[in-house]
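The lines below spell out each chain.
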Amino acid sequence: MRIWLDGALREADSAQVSVFDHGLTVGDGVFETVKAERGTAFALTRHVDRLTRSARGLGLPDPDPDEVRRACAAVLEANPLPLARMRITYTGGVSPLGSDRGDAAPTLVVAVAEENRRPDTTAVITVPWVRNERSAVAGLKTTSYAENVVALAAAHRAGASEALFANTVGRLCEGTGSNVFVVLDGELYTPPLASGCLAGITRALVVDWAGAKETDLPFEALEQAEEIFLTSTLRDVQAVHRVDGRTVAAAVPGPVTAEAMRIFDAHAGADLDP
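Owing to the predicted nature of the structure, the values given are computational and were not obtained by experimental measurement.

Definitions and limits used
- In every chain, residue numbers begin from 1 and rise along the written sequence.
- Owing to the predicted nature of the model, reporting of local features is limited to residues with pLDDT of at least 70; listing and counting of side-chain atom pairs is limited to 80 or more, with chain, interface and lining totals taken over all residues.
- Excluded from the side-chain calculation are hydrogens and water; included are all heavy atoms of the structure.
- Numbering of helices and strands starts at the N terminus; helices are DSSP runs of H or I of at least 4 residues and strands are runs of E of at least 2.
- Based on C-alpha atoms, the radius of gyration is set beside the globule rule, defined as 2.2 Å times the residue count to the power 0.38.
- Three exposure classes are used, based on accessible area relative to the maximum for each residue type with a 1.4 Å probe and protein chains only: buried under 20%, partly exposed in between, and exposed over 50%.
- The contact definition used throughout considers only heavy atoms, calling two residues in contact when any of these lie within 4.5 Å.
- Charge assignment: positive for Lys and Arg, negative for Asp and Glu; neither His nor the chain ends contribute.
- Every charge is mapped to an atom, namely NZ of Lys, CZ of Arg, CG of Asp or CD of Glu.
- Only the six-membered ring of Trp is used, alongside the rings of Phe and Tyr, when aromatic pairs are assigned; centres must lie within 6.5 Å, and planes under 30 degrees apart are stacked while those over 60 apart are edge-to-face, with the rest tilted.
- Geometrically, a charge over a ring is one whose NZ (Lys) or CZ (Arg) sits within 6 Å of the ring centre while staying within 35 degrees of the ring normal.
- The pairing criterion for strands is at least two bridges between them, as found by DSSP.

> Explain the overall build of the protein to me, using residue names and the numbers behind them.
Each helix and strand counted, the protein has 7 helices and 15 strands in total. Since a compact globule built from 274 residues should have a radius of gyration of about 19 Å, the 19 Å found for the protein is in line with a globular shape. Taken along the three principal axes of its C-alpha coordinates, the protein extends 55 × 40 × 30 Å. A buried classification covers 48% of the 274 residues belonging to the protein. Long-range contacts, defined as pairs at least 24 residues apart, comprise 69% of the intrachain contacts of the protein with a sequence gap of at least 6. Charged side chains in the protein number 26 positive and 37 negative. The centres of these two groups are separated by 1 Å.

> Any details on the packing of aromatic side chains? Residues and values, ideally.
Here the structure, examined in full by the defined rule, presents 4 aromatic pairs. Measuring from ring centre to ring centre gives 6.2 Å for Phe 42 and Phe 264, while their planes differ by 70°; the resulting arrangement is edge-to-face. With Phe 42 in the loop between strand E4 (40–41) and helix H2 (44–58) and Phe 264 in helix H7 (residues 255–270), the pair connects residues that are 222 residues apart, well separated along the chain. Using a relative accessible area of 10% as the deciding quantity, one classes Phe 42 as buried. Exposure remark for Phe 264: the relative accessible area of 2% places this residue in the buried category. A centroid spacing of 5.6 Å and a plane angle of 50° characterise the contact between Trp 209 and Phe 264, whose relative ring orientation is tilted. Note that Trp 209 is positioned in helix H5 (residues 201–210) and Phe 264 in helix H7, a separation of 55 residues in sequence. An aromatic cluster of at least three residues, connected via ring pairs, comprises Phe 42, Trp 209 and Phe 264. For the cation-ring pair, Arg 87 lies above Phe 31, with the distance from its terminal atom to the ring centre recorded as 3.8 Å. Lying over the aromatic face of Phe 165, Arg 131 brings its terminal NZ or CZ to 4.1 Å of the ring centre.

> Before we move on, can you summarise the sheet that holds strand E6 (residues 107–114) with the specific residues and values?
An order of E2-E1-E6-E5-E3-E4 is seen for the 6 strands of this open sheet, with the pairing classed as antiparallel. Pairing within the sheet leaves two strands with one partner each, and these edge strands are strand E2 (8–11) and E4. Relative to E6, strand E1 (residues 2–5) runs antiparallel, the two being bridged by 2 bridges. Among the inter-strand pairings, Trp 4 is bridged to a residue of E6, identified as Val 110.

If you want it as structure tokens, here you go:
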């Protein structure tokens, strides 16, 4: 496996990042996960743009979009895979131990791993921890993922693939690495960005293509929903058949979810960089 590290392709075993890198010591970094099929990245422009927005949110210098694109192309060419998860990581670079940043340049890493197609349906759980919609990093895709690690581990122990969060005021927010959509009285809804959720790439495409309404929703909407689905870069549109101990519906995916899947697949197949 060959990865891109600070300007060049390197063998994964020999690529080294300093133990003083701020991304390692305090999680001062941002990242993107990009789906690639047969060497072609999907929605790369949107991912590079979001990487920049996240970097600005942390006060990091803007990543060079041309370098990011060169790095992605080089990694995909060096590691031919039918379906891949490509990870772009951009950190504060070598810094003092503590929260202060140093004067070193940021670190850019692009790596790739083989991925399997996700199942059409999945189970989720709800967790007692919350997203802070007023956090300084709300809505940013940062490398500070510890709370997601804890929540996802709880999901796996319960036989689920995702954990869903409320925010601090009890409104439906998001999953550890996904956005959530619900169908209520036949209408498709998803929480607004003001809830503290990530501005997911797939979320935005589904909102545009399937006509979902961005609506402030109580966390209890998960108990009332006729259909529920998740979106993310690697899930695309994935139906939810169980929330905690509740079976969502007798037939999953339901009609609204199935239509969203169809629309997404058709549009994504027609335009690889929407």
